[in-house]
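One-letter residues, chain by chain:
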Amino acid sequence: MTGFEEDLALRLREIDEAGLLRTLREISPSQSVVVRRDGCGLVNFSSNDYLGLATHPALIEAARNELAVSGAGSGASRLISGSLPAHRRFEEAMAEFKRTPAALLFSSGYAAAAGTIPAILSESDVVILDKLAHACLIDGARLSGAHMRVFPHNDLDALESRLRWARDTHPRSRILVVVESVYSMDGDAAPLAGIVELKDRHGAWLMVDEAHGVGVLGECGRGLVDALGLGGRVEIQMGTLGKALGSSGAYVCGSAALRDVLVNRARSFIFSTAPPPSAAAAAEAAIRLLTGSPEGPLRLERLHKNIRALHPSAVSAIHPVIVGAEPDAVAASSRLVSAGFLVPAVRFPAVARGQARLRISLSADHTGEMLQRLLDFLRHDGFAL
Ligand SMILES: *Cc1c(COP(=O)(O)O)cnc(C)c1O
């Protein structure tokens, strides 16, 4: 056996030689459309803070007030003694926002997925995922031990054949289909109406991750499931509070029984300290801003104006520019930084090998001029949008 440090060094060399080495780069002073990195000002096209709420005074004030009342930390898991009024208030606001009977707060989207799928499924069950489903959904599916099948991205015929297979080979099993509403690396939407039809026809259940849909799509940012009127037919909805909602944490929405099962079975919920109450209060403030003030809808409108300006057929705040080879994407991202734009290169394992890309994320706070300069630079650099 090699020594520990030697083993680590070897792994790092392998990652580096594959053009996949990542390092942490600090930005300051906060997440917003103009940031500083290594002393240079950059227009930020890399954030998931789509509505600019992470630094919004209403969220900061809500978090600060909650800090003063209930402190910095929750001190215990929710089931021991960490369940605080801010958690309950957030869950009530989220359930109302999503028009579902109940909601449960998790400490992150990763924890929500990794806790929820194994809480619902066991070894004798079947889980069917879209090929582009987020890593946390794949990890949750693996952790459940259920038989796992993947269907090509957004391919309804292929999904139907997986559902048929599942029913034929596992007649008494639970079958859960897991998709996103908006895909995190491609920015495209799932054909949710068709997916709901299929899972109903084959007696399966559906889990939809709205990480990039909530706060972006639908009336007041309620998400794509609500926009399509499918809320009552999707068994499990989840989303993060760390993206458009400007805070941190995640929710799972559905029936009261779903919430009760998760409270009793989701290990990432049970065996983890409750999220800071200030984060729950900030997320609740984001929901109030979206539904109870003129400003929320105005911010949504500005975001959608930017989405249309970037590309007429874009449906979300994410727009990929496919480059292909990993080093080429990294080089393109570096040229963008030299020109004053922060646009990340996304590589394997976040996307398939040879599918490296620039990933443009839009904010309501980008100005038309910022967008135009980015578009001009990309065109000049040989990229077609
Ligand atoms: C970001 C993301 C998550 C994880 O949410 P966090 O709160 O950041 O852990 C889950 N699913 C999708 C699709 C995501 O993009």
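In short, a report on the structure.

Each value, and the rule that gives it
Residues numbered from 1 in each chain as written. Predicted model: local features only at pLDDT ≥ 70, side-chain atom pairs only at ≥ 80, totals over all residues. Heavy atoms only, no water. Near = heavy atom within 4 Å. Areas by Shrake-Rupley, 256 points an atom, 1.4 Å probe, with all protein chains shown as cover. Nonpolar A, V, L, I, M, F, W, Y, C, P; charged D, E, K, R; others polar. Salt bridge = Lys/Arg side-chain N within 4 Å of Asp/Glu carboxyl O. Helix = DSSP H or I, 4+ residues; strand = E, 2+ residues; numbered from the N terminus. Buried < 20%, exposed > 50% of the residue type's maximum accessible area, 1.4 Å probe, protein only. Contact = heavy atoms within 4.5 Å. Polar contact = N/O pair within 3.5 Å; in protein donor to acceptor, adjacent residues only side chain to side chain. Pairing = 2+ DSSP bridges. Axes fitted to C-alpha atoms, helices over the stretch in contact; angles between N-to-C directions. Expected span 1.5 Å × (residues − 1). Right-handed = clockwise from strand over helix to strand, strands pointing away.

**Focus on the site of the ligand**
Then step 1. Lining the immediate surroundings of the ligand are 13 residues, of which Gly109, Asp209, His212, Thr240 and Lys243 lie closest.
Then step 2. Compared with its free state, where it exposes 380 Å², the ligand has 83% of that area covered by protein.
Then step 3. Grouping the constituent residues of the shell around the ligand by class yields three nonpolar, seven polar and three charged.

**Brief notes about the pattern of salt bridges**
Then step 1. Per the counting criterion, the structure on display carries 25 salt bridges.
Then step 2. Its salt-bridge partner being Glu91, residue Arg78 comes within 3.1 Å of it at the nearest N-O pair. With Arg78 in helix 3 (residues 78-82) and Glu91 in helix 4 (residues 85-98), this residue pair connects regions lying 13 residues apart in the sequence.
Then step 3. Across the pair Glu284 and Arg89 runs a salt bridge, and its minimum N-O distance is 3.9 Å. Here Glu284, found in helix 12 (residues 277-292), pairs with Arg89, found in helix 4; they are 195 residues apart in sequence, far enough to count as distant.
Then step 4. Each of the salt bridges in this network shares a partner with another, and the network as a whole consists of Glu197, Lys199, Asp200, Arg233 and Glu235.

**A few points about the side chain of Thr116**
Then step 1. Along the chain, Thr116 falls in helix 5 (residues 109-120).
Then step 2. Since its relative accessible area comes to 0%, Thr116 is described here as buried.
Then step 3. Setting aside residues no more than four positions away along its own chain, Thr116 makes contact with Phe106, Met207, Ile236, Val252 and Leu262.

**Let's talk about the environment of Arg22**
Then step 1. With respect to the helices, strands and loops of the structure, Arg22 is situated in the loop between helix 1 (4-17) and strand 1 (34-37).
Then step 2. Overall, the relative accessible area of 43% leaves Arg22 in the partly exposed class.
Then step 3. As for Arg22 and Tyr110, which are separated by 88 residues in sequence, their C-alpha atoms are 20 Å apart.
Then step 4. Every residue in contact with Arg22, bar those within four places of it in the chain, is listed here: Arg347, Phe348 and Pro349.
Then step 5. Within the structure, Arg22 has its side chain in polar contact with the backbone oxygen of Leu20 (distance 3.1 Å).
Then step 6. Within the structure, the side chain of Arg22 is placed 3.2 Å from the backbone oxygen of Arg347, a separation counted as a polar contact.

**So, the sheet that holds strand 13 (residues 356-361)**
Then step 1. Strand order across the open sheet formed by three strands is 10-13-12, with antiparallel pairing between neighbours. Single-partner strands in this sheet number two, and they are strand 10 (318-324) and strand 12 (345-346).
Then step 2. On top of the sheet, helix 14 (residues 326-338) reaches strand 10, strand 12 and strand 13; it is set at about 35° to strand 13, its chief contact.

**Some points on helix 12**
Then step 1. Its 16 residues place the ends of helix 12 21 Å apart at the C-alpha level, agreeing with the 22 Å of an ideal helix rising 1.5 Å per residue.
Then step 2. Counting buried residues in helix 12 gives 13 out of 16 residues, a clear majority hidden from the surface.

**Section: the pairing of strand 3 (residues 102-106)**
Then step 1. Here strand 3 lies mainly inside the structure; five of its five residues are buried.
Then step 2. Where strand 3 meets strand 9 (residues 250-254), five bridges bridge the pair, whose relative direction is antiparallel. Residue pairing in the sheet places Leu105 in a bridge with Tyr251 of strand 9.

**Remarks on helix 5**
Then step 1. Taking 1.5 Å of rise per residue, the twelve residues of helix 5 would be expected to cover 16 Å, and the 17 Å separating its terminal C-alpha atoms lies within 8% of that figure.
Then step 2. Within helix 5, eleven of the twelve residues are buried, leaving the element largely enclosed by the surrounding structure.
Then step 3. When we look at burial in helix 5, the residues that qualify are Gly109, Ala111, Ala112, Ala113, Ala114, Gly115, Thr116, Ile117, Pro118, Ala119 and Ile120.
Then step 4. For helix 5, the N-terminal capping position is held by Ser108, with its side-chain oxygen 3.3 Å away from the main-chain nitrogen of Tyr110.

**Some remarks on the pairing of strand 6 (residues 175-180)**
Then step 1. Among the six residues in strand 6, six count as buried, and that is most of the element.
Then step 2. Here strand 6 shows two buried faces, one formed by Ile175, Val177 and Val179 and the other by Leu176, Val178 and Glu180.
Then step 3. Here four bridges tie strand 4 (residues 126-130) to strand 6, and the two strands are oriented parallel to one another. Considered in strand 6, the bridge of Val126 is made with Ile175.
Then step 4. Where strand 6 meets strand 7 (residues 205-209), five bridges bridge the pair, whose relative direction is parallel. By the bridge assignment, Val179 is partnered in strand 7 with Val208.
Then step 5. Following the backbone out of strand 6, through helix 8 (residues 192-201) and into the adjacent parallel strand 7, one traces a crossover that is right-handed.

**A short note on the environment of Cys40**
Then step 1. Take Cys40: it is sitting in strand 2 (residues 40-44).
Then step 2. Separated by 297 residues in the primary sequence, Cys40 and Val337 place their C-alpha atoms 9.0 Å from one another.

It is worth stressing that arrangement in space is one thing and function is another; only the former is reported here.
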